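Next come the chains, spelled out residue by residue.
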Amino acid sequence: MAQYWLMKSEPDEASIDHLAAAPDQTLPWTGVRNYQARNFMRDAMQPGDGVLFYHSSCPQPGVAGLAEVVGPYAPDATQFDPASPYFDPKSPADKPRWGHVSVKFVRKTALLPLATMRTEPTLASLQLLKPGSRLSITPVTPEEWQAVLDLLEP
DNA sequence: GCCAACGTTGGC
DNA sequence: GCCAACGTTGGC
């Protein structure tokens, strides 16, 4: 059974437009350095799962489009690259600490702003909206997923 | 730039 | 294992 996720990305780094323009319209979701978020990718995500593509740390934060998970979970090469901002000197080469799935473009939508989401009773349970929630990957229930779809245009 | 919330680190 | 210090996130 398909599951649903919300994945945050800074549009400066990887926006929904970047995703649409990428080879195979797919991007590796590298750079996650939080165990909870990693565990979602490693243990729970399945190819075909639905993704709300969320723009964060930008003038207009919000859901910018839809994507889907493509597998498999694989080691994140950036952890071993000293030149990368995601370099992790403590990650053992034979037992990589960090990994990633990839994400494939489904469609771009009109931005559903965070401010709007906050006013929607049907979205009140979203983990994203919980005070202090910073996790870059959060699960979304089927009900929440449908509620967001209903709000997305077109 | 501010700041609250949260995660990680490291001394003990 | 505790917990204070520190770093990061991310909206505003």
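Residues numbered from 1 in each chain as written. Chains lettered and ligands numbered in written order. Predicted model: local features only at pLDDT ≥ 70, side-chain atom pairs only at ≥ 80, totals over all residues. Heavy atoms only, no water.

(A) Representation of the pattern of salt bridges. Applying the stated criterion to the full structure yields 4 salt bridges. A salt bridge links Asp17 to Lys108, with the nearest nitrogen and oxygen atoms 2.9 Å apart. Of this pair, Asp17 sits in helix 2 (residues 16-21) while Lys108 is found in strand 5 (residues 99-113), placing the two residues 91 residues apart along the sequence. Residues Asp88 and Arg97 are paired through a salt bridge, measuring 3.4 Å at the closest nitrogen-oxygen approach. Note on Asp88: relative accessible area 12%, which makes it buried. (Salt bridge = Lys/Arg side-chain N within 4 Å of Asp/Glu carboxyl O. Helix = DSSP H or I, 4+ residues; strand = E, 2+ residues; numbered from the N terminus. Buried < 20%, exposed > 50% of the residue type's maximum accessible area, 1.4 Å probe, protein only.)

(B) Here's a closer look at the packing of aromatic side chains. Applying the stated criterion to the full structure yields 4 aromatic pairs. Taking 5.3 Å as the distance between ring centres and 50° as the angle between the ring planes, the aromatic pair formed by Trp5 and Phe40 counts as tilted. Taken as a pair, Trp5 in strand 1 (residues 4-9) and Phe40 in helix 3 (residues 35-44) lie far apart in primary sequence, 35 residues in all. Overall, the relative accessible area of 18% leaves Phe40 in the buried class. (Phe/Tyr/Trp six-rings, centres within 6.5 Å; stacked < 30°, edge-to-face > 60°.)

(C) Structural detail: the UniProt feature "domain: EVE" (unreviewed entry) in chain A. As annotated in UniProt, the feature "domain: EVE" (unreviewed entry) corresponds to residues 3-150 in the numbering used here. With 24% helix and 32% strand, the stretch residues 3-150 has end C-alpha atoms that lie 18 Å from each other. (UniProt positions renumbered as here; feature names shortened; annotations may be inferred.)

(D) Highlighting the layout of surface pockets. If you add up the space inside the largest pocket, you get close to 500 Å³. Lining of the largest pocket is provided by 17 residues; of these, Lys8, Ser9, Glu13, Thr30 and Tyr86 occupy positions nearest its centre. The class makeup of the residues in the lining of the largest pocket is 6 nonpolar, 6 polar and 5 charged. (1 Å grid on protein atoms, 1.4 Å probe; cavity = no way out; pocket = protein on both sides within 12 Å on 5 of 7 lines; lining within 4 Å. Points joined across faces, edges and corners; volume = space filled by probe spheres on them. Nonpolar A, V, L, I, M, F, W, Y, C, P; charged D, E, K, R; others polar.)

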